[in-house]
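Listed below, chain by chain, are the residues.
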Amino acid sequence: MKVEERQKLLSCVFQDYTKYQVTVRENIGFGNIKYINDDEKITKAAKKGLSYDIINSMPHGYDTLLGNVYGEGSDLSEGQWQKICISRAFLSDAKIMILDEPSAALDPKSETELYQSFIRLAGNKMCILISHRLGSAKIGDRILVVEDGKIIENGTHAELMKQKKQYYKMFMVQSEWYREENIS
């Protein structure tokens, strides 16, 4: 498969995303260059990626320069940058979205909104979510537990919880943080 074909097939959001020191429109538009000047598609992607409100609060909206490389751009928080990058992924026509800890820089409310957005908007796309936060894994149709580069468990959240193996143990350890009796 040629590189161009792979690029059209896959859209990725990594936890170490790229911060382009260009306008908001260009940052999102890089998700699919043919839509870089399509205000409707850029706005729709911004709404899906939860960056719409951030952009509308900027001095020049979608034409705001991001970053300070040139000394005149708007600086964003890590969470805001991540939302811009997620919006970029939503602009893509890719059939497969790979999300590697896409909510790493987001607050809990934004993280919940993001996952609800993914559930609603995935449509006929395949989404591969890579996460250490097992609460987010519950949204998946299929969960693969990987250890030392090998799949050691495979199933739905309910199936893996019933098996009481590694996934169950990790889930229970993480859920302990949210139980009231463990808050000091």
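Student: Please clarify how the sheet that holds strand β3 (residues 126–130) should be interpreted in this entry.
Tutor: Backbone hydrogen bonds hold the strands of a sheet together, and the pairing may be parallel or antiparallel. If you walk across this open sheet you meet the three strands as β1-β2-β3, and the pairing is parallel. Of all strands in the sheet, those with a lone pairing partner are β1 (10–13) and β3, marking the two edges. The sheet shows a mean angle of 15° between the axes of neighbouring strands, direction not considered. In this sheet, strand β2 (residues 96–100) lies alongside β1 in parallel orientation, the contact comprising four bridges. By the bridge assignment for β2, L10 is matched with I96.

Student: Explain the layout of surface pockets here, please?
Tutor: One simple way to see leftover space: roll a probe sized like a water molecule over the atoms. By volume, the largest pocket is sized at about 980 Å³. Every residue lining the largest pocket is counted, 30 residues in all, and those nearest its centre are C127, I128, L129, R142 and I143. Listing elements by their share of the lining of the largest pocket, those giving two or more residues are α6 (108–121), β3, α7 (134–137), β4 (143–147) and α9 (166–175). Taken as a whole, the second largest pocket holds about 580 Å³ of empty space. For the lining of the second largest pocket, the secondary structure elements donating two or more residues are α1 (3–9), β1 and α5 (78–91). Looking at which element gives the most residues to the lining of the second largest pocket, the answer is β1, with four residues. The residue makeup of the lining of the second largest pocket, split by class, is ten nonpolar, six polar and five charged.

What counts as what
- Residues numbered from 1 in each chain as written.
- Predicted model: local features only at pLDDT ≥ 70, side-chain atom pairs only at ≥ 80, totals over all residues.
- Heavy atoms only, no water.
- Pairing = 2+ DSSP bridges.
- Helix = DSSP H or I, 4+ residues; strand = E, 2+ residues; numbered from the N terminus.
- Axes fitted to C-alpha atoms, helices over the stretch in contact; angles between N-to-C directions.
- 1 Å grid on protein atoms, 1.4 Å probe; cavity = no way out; pocket = protein on both sides within 12 Å on 5 of 7 lines; lining within 4 Å.
- Points joined across faces, edges and corners; volume = space filled by probe spheres on them.
- Nonpolar A, V, L, I, M, F, W, Y, C, P; charged D, E, K, R; others polar.

Take it as geometry only, folks, not as evidence of what the structure does.
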